[in-house]
Amino acid sequence: MHVSLTTWLITIAVILGLFVFDFFAHVRKPHAPTLRESGFWSAVFIAIAIVFGVIVFAIWGPTYGGEYFAGYITEKALSVDNLFVFVIIMATFAVPREFQQKVLTIGIVLALAMRGAFIAVGAAAINAYSWVFYLFGIFLIYTAIKLIRDHGEEPEAVSENRMVKIVRKFLPVHDEYDGDKLVTRIDGKKMITPMLLALIAIGFTDILFALDSIPAIYGLTSEPYLVFTANAFALMGLRQLFFLIGGLLERLVYLSYGLSVILAFIGVKLVLHALHENTLSWINGGEHVAVPEISTGLSLTVIVGVLVVTTVASLLKTRGEEDEPVKR
């Protein structure tokens, strides 16, 4: 897949332009979005992601188009799981509902920038060392097992986020909000607000999320352009999704199981690919191993199938329990 520098620059400019439009059109003026607003714009950003996938199909063919959609759906599913943590962050820092949009939008932009660095490092490592696929595959299988083992446990307290601790240690922090300002002035002294702490928590918590999402998508496509765009479009619209399905999150009790199956499946796919491309002397004498490789079509079918089954099973399990707290 050949992607010119011009195409890269245009794509990045369009993505940044969409974020800027979203900020000035909906976030700049603090307000609590309605379900109608959140639903409409969530649908718009999903439609944009689908249109981009169709463009990939048209220009680079069905193989790369299928890889993009498989990556986008996987990243979108993982981002929904991340919303659980975002809810906890908002509660931990008591972010007023009308200011949550700003925290989420800026945090997501920071997350995309950091993921861009992860994607570049991953691409360089894969190009230089084919055995990196072994590491990615084993790590994803380990993550899948851990996800099942930790199912139902509360995420680690966001207040213990290391970056937040560092900020509190070296910078003066005011305990009260000053509108949606990140920095305020108290008795002539500049102090950061809980708004900035929440933003830092969301931005840097995504580093942990990227540790499984980036290897996962590299298991579906080795094209950095598709990895980046799938991540960008999955993160885009995440703010609207946060407000749209906030109450539904508690009912997705089997989502972790579904994601663990997907991560394990991609992990096995990566290991099989690594064996097929093997260059390690202590495995089959450094020769390629004749193992079946999992096609993009099968990957897409498994991912969508698992997500549909776990979502339906979750909603059936919690049917009639909307007013009761549901453990994840």
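Our subject is the structure listed above.
Worth saying up front: this structure is predicted, and the values here are computed from it rather than measured.

A. Fine view of the overall build of the protein chain. Within the protein chain one finds 11 helices and two strands. Secondary structure of the protein chain in N-to-C order comes out as α-α-α-α-α-α-β-β-α-α-α-α-α. A compact globule built from 328 residues should have a C-alpha radius of gyration of about 20 Å, and the protein chain, at 21 Å, falls within 12% of that. A principal-axis box enclosing the C-alpha atoms of the protein chain has dimensions of 70 × 50 × 40 Å. In the protein chain, which comprises 328 residues, the share counted as buried stands at 49%. Considering only residue pairs separated by 6 or more positions, the protein chain has 79% of its internal contacts joining residues 24 or more positions apart. Carbon and sulfur atoms make up 66% of the accessible area of the protein chain, which totals about 16,000 Å². If the 24 positive side-chain charges of the protein chain are averaged to one point and the 27 negative ones to another, these points end up 6 Å apart.

B. Structural detail: unusual backbone geometry. The residue Ala94 is not glycine, and still its phi comes out positive at about 50°. Within the fold, Ala94 resides in the loop between helix H3 (62–92) and helix H4 (100–128).

C. Highlighting the environment of Ala13. With respect to the helices, strands and loops of the structure, Ala13 is situated in helix H1 (residues 5–27). Note: C-alpha distance between Ala13 and Glu223 (210 residues apart in sequence) is 19 Å.

D. Geometry of the side chain of Arg115. Within the secondary structure layout, Arg115 lies in helix H4. If we ignore the near neighbours within four places in the chain, the residues touching Arg115 are Glu75, Asn82, Asp206, Phe209, Ala210, Ser213, Asn231 and Leu235.

E. Examining the packing of helix H2 (residues 35–60) against helix H8 (residues 224–235) more closely. Their axes nearest at 10 Å, the elements H2 and H8 cross at an angle of 165°. Looking at the two axes, H2 sits roughly antiparallel to H8. Between H2 and H8 the crossing geometry is left-handed. Side by side, H2 and H8 meet where Ile48, Ala49, Phe52, Val56 and Trp60 of the first sit next to Tyr225, Leu226, Thr229 and Phe233 of the second. Classifying every residue of the contact of H2 with H8 gives eight nonpolar, one polar and no charged.

F. Representation of the packing of aromatic side chains within the structure. Enumeration over the complete set of coordinates arrives at 16 aromatic pairs. Centroid distance Tyr68 to Phe69: 5.3 Å. Interplanar angle 65°. Geometry classified as edge-to-face. Here the aromatic residues Trp8, Phe52, Phe57, Trp60, Tyr68, Phe69, Tyr72, Tyr225, Phe228 and Phe233 are joined through ring pairs into a cluster of three or more.

G. Spatial organisation of helix H7 (residues 194–218). Between its terminal C-alpha atoms H7 stretches 36 Å, which fits the 36 Å expected from 25 residues at 1.5 Å a residue. With 21 of its 25 residues buried, H7 lies for the most part within the structure.

H. Representation of the pairing of strand E2 (residues 189–192) in the model. Where strand E1 (residues 183–186) lies against E2, four bridges are found, and the strand directions are antiparallel. Across the sheet, Val183 pairs through a bridge with Ile192, a residue of E2. Between E1 and E2, which pair antiparallel and follow one another directly, the connecting turn spans two residues, one of which, Asp187, has a positive phi of 50°.

I. Main features of the environment of Val51. One can find Val51 in helix H2. Distance from Val51 to Arg251, taken between C-alpha atoms, is 30 Å for residues 200 residues apart in sequence.

J. Seen up close, helix H11 (residues 296–317). Between its first and last C-alpha, H11 extends 31 Å over 22 residues, near the 32 Å set by a 1.5 Å rise per residue. Taken together, the buried residues of H11 touch H3 and helix H10 (255–276).

Rules used throughout
- Residues numbered from 1 in each chain as written.
- Predicted model: local features only at pLDDT ≥ 70, side-chain atom pairs only at ≥ 80, totals over all residues.
- Heavy atoms only, no water.
- Helix = DSSP H or I, 4+ residues; strand = E, 2+ residues; numbered from the N terminus.
- Rg over C-alpha atoms; globule rule 2.2 N^0.38 Å.
- Buried < 20%, exposed > 50% of the residue type's maximum accessible area, 1.4 Å probe, protein only.
- Contact = heavy atoms within 4.5 Å.
- Areas by Shrake-Rupley, 256 points an atom, 1.4 Å probe, with all protein chains shown as cover.
- Lys, Arg positive; Asp, Glu negative; His and termini not counted.
- Charge placed at Lys NZ, Arg CZ, Asp CG, Glu CD.
- Axes fitted to C-alpha atoms, helices over the stretch in contact; angles between N-to-C directions.
- Parallel < 35°, antiparallel > 145°, perpendicular 65-115°, else oblique.
- Left-handed = near helix turned anticlockwise from the far one by under 90°.
- Nonpolar A, V, L, I, M, F, W, Y, C, P; charged D, E, K, R; others polar.
- Phe/Tyr/Trp six-rings, centres within 6.5 Å; stacked < 30°, edge-to-face > 60°.
- Expected span 1.5 Å × (residues − 1).
- Pairing = 2+ DSSP bridges.

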